[in-house]
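Chain and residue survey
Here are the chains, one letter per residue:
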Amino acid sequence: MVRIADLVRRVIDVAVASIGLLVLSPIIATAAFAIRVTAGRGVIYRQRRLGLAGRPFELLKFRSMRHPRPGREHPDFDAERRTPVGAWLRATSLDELPSLVNLLRGELTLVGPRPLPVHYWDRFVGDEYERFRVPPGITGLAQISGRNGLDWPERLATDVEYVRTRTLRGDLRILARTVPGVLGRDGVDRAAGITMHELPADRAGRSPSGGQRVNEA
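Residues numbered from 1 in each chain as written. Predicted model: local features only at pLDDT ≥ 70, side-chain atom pairs only at ≥ 80, totals over all residues. Heavy atoms only, no water.

**Regarding a nonpolar patch on the surface**
- Among the surface-exposed residues, Ile4, Val8, Ile12 and Val16 lie close enough to one another that they form a single nonpolar patch of about 310 Å² accessible area.
- Mapped onto the fold, Ile12 is located in helix 1 (residues 4-23). (Patch = residues over 30% accessible without salt bridge, like charges linked within 9 Å, V, L, I, M, F, W, Y side chains within 5 Å. Areas by Shrake-Rupley, 256 points an atom, 1.4 Å probe, with all protein chains shown as cover. Salt bridge = Lys/Arg side-chain N within 4 Å of Asp/Glu carboxyl O. Helix = DSSP H or I, 4+ residues; strand = E, 2+ residues; numbered from the N terminus.)

**Comments concerning empty space enclosed by the protein**
- The full count for this structure, using the stated rule, is 3 cavities of 30 Å³ or more.
- When its volume is computed, the largest cavity comes out at roughly 80 Å³.
- Contributing to the lining of the largest cavity are Arg9, Ile12, Asp13, Thr109, Leu110, Val111, Leu168, Asp171, Leu172 and Leu175.
- Within the residue set of the lining of the largest cavity, elements represented by two or more residues are helix 1, strand 3 (109-111) and helix 8 (168-183).
- It is helix 8 that provides the largest number of residues to the lining of the largest cavity, a total of 4 residues.
- Here the residues of the lining of the largest cavity are counted per class, giving 6 nonpolar, 1 polar and 3 charged. (1 Å grid on protein atoms, 1.4 Å probe; cavity = no way out; pocket = protein on both sides within 12 Å on 5 of 7 lines; lining within 4 Å. Points joined across faces, edges and corners; volume = space filled by probe spheres on them. Nonpolar A, V, L, I, M, F, W, Y, C, P; charged D, E, K, R; others polar.)

**Details of helix 4 (residues 84-92)**
- Residues Gly86, Leu89, Arg90, Ala91 and Thr92 constitute the buried set of helix 4.
- Just beyond helix 4, the residue with positive phi is Ser93, at close to 65°. (Buried < 20%, exposed > 50% of the residue type's maximum accessible area, 1.4 Å probe, protein only.)

**Comments concerning the packing of aromatic side chains**
- A complete count under the given rule lists 6 aromatic pairs for this structure.
- For the pair Tyr120 and Trp152, a centre-to-centre distance of 5.8 Å together with 85° between the ring planes defines the contact as edge-to-face. Of this pair, Tyr120 sits in the loop between strand 3 and strand 4 (137-139) while Trp152 is found in helix 7 (residues 152-164), placing the two residues 32 residues apart along the sequence. Comparing Tyr120 with Trp152 shows no difference in burial state: the two are buried.
- Judged by centre distance (6.3 Å) and plane angle (45°), the rings of Tyr129 and Phe132 are tilted.
- Assessed through its relative accessible area of 29%, Tyr129 is described here as partly exposed.
- Taken together, the ring pairs in this structure connect Trp121, Phe124, Tyr129 and Phe132 into an aromatic cluster.
- Above the face of the Phe132 ring, Arg131 is positioned so that its terminal group lies 5.5 Å from the ring centre. (Phe/Tyr/Trp six-rings, centres within 6.5 Å; stacked < 30°, edge-to-face > 60°. Lys NZ or Arg CZ within 6 Å of the ring centre and 35° of its normal.)

In C-alpha cells:
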C-alpha cells in the first residue's frame, strides 16, 4: 500500500526535477560545453548503481576527469586526471545535475541513502541491507553528517538509522541542512584521496578504509 508521505515525496521529486532541468538548463549546457573542451568527448559519466530493493539503474553525472591514458586507469591516477572544471563541479555538487533525469524517472528520490555501485551488493553485512527498503537519494542523512568524510561502517549505519526513522518532516530537515553543506563543500573529497575508498570485499578481515577507491570519472 502506497503511503500518503510517499505520494507527497514523488510529487515533490517530479516538480523539483522538472523545474530544475528547465531553470538550470543554461548551467547544464555551459557545464557540458566546458567538460567537452577540457576533458574530451563524453560529458556524462554513467555507472550502474543499486536502487530500491537492490534493482540496478544507470546513474547519470557530469564527468569530472579526463579519459585515462593506457596503463593509468587505476584510481591512484585520479588526481592527475581530474580537470580544474571537474574539481569545481564536484566541489559545488554541480556534477550531480544530470541526476535530475534519474529523479524524474523515479530511480532516485531527493532524500535517501546514496546509490552505491552494483558490485557492492554482496559486501553489505547484517542490517545494512535495510538501506534498500527505500529509494536511493540525491542527498541523505549520511551526506549532511559528513559525506565522504565518514568511514564505511559509520556511513552505512547512518543509512540504516535514516531508514528506521524516516519521516517527511525529517526529509525536509535534511534538505534544509544540505544547502549550507553544499555551499561549505563539506566532505566532498576525503583527505587521503580524491574519492571515497571502495567498500572492502572482505568486511570481516579488512579495515573499513583499506579498500580501493571508487573511480568516478
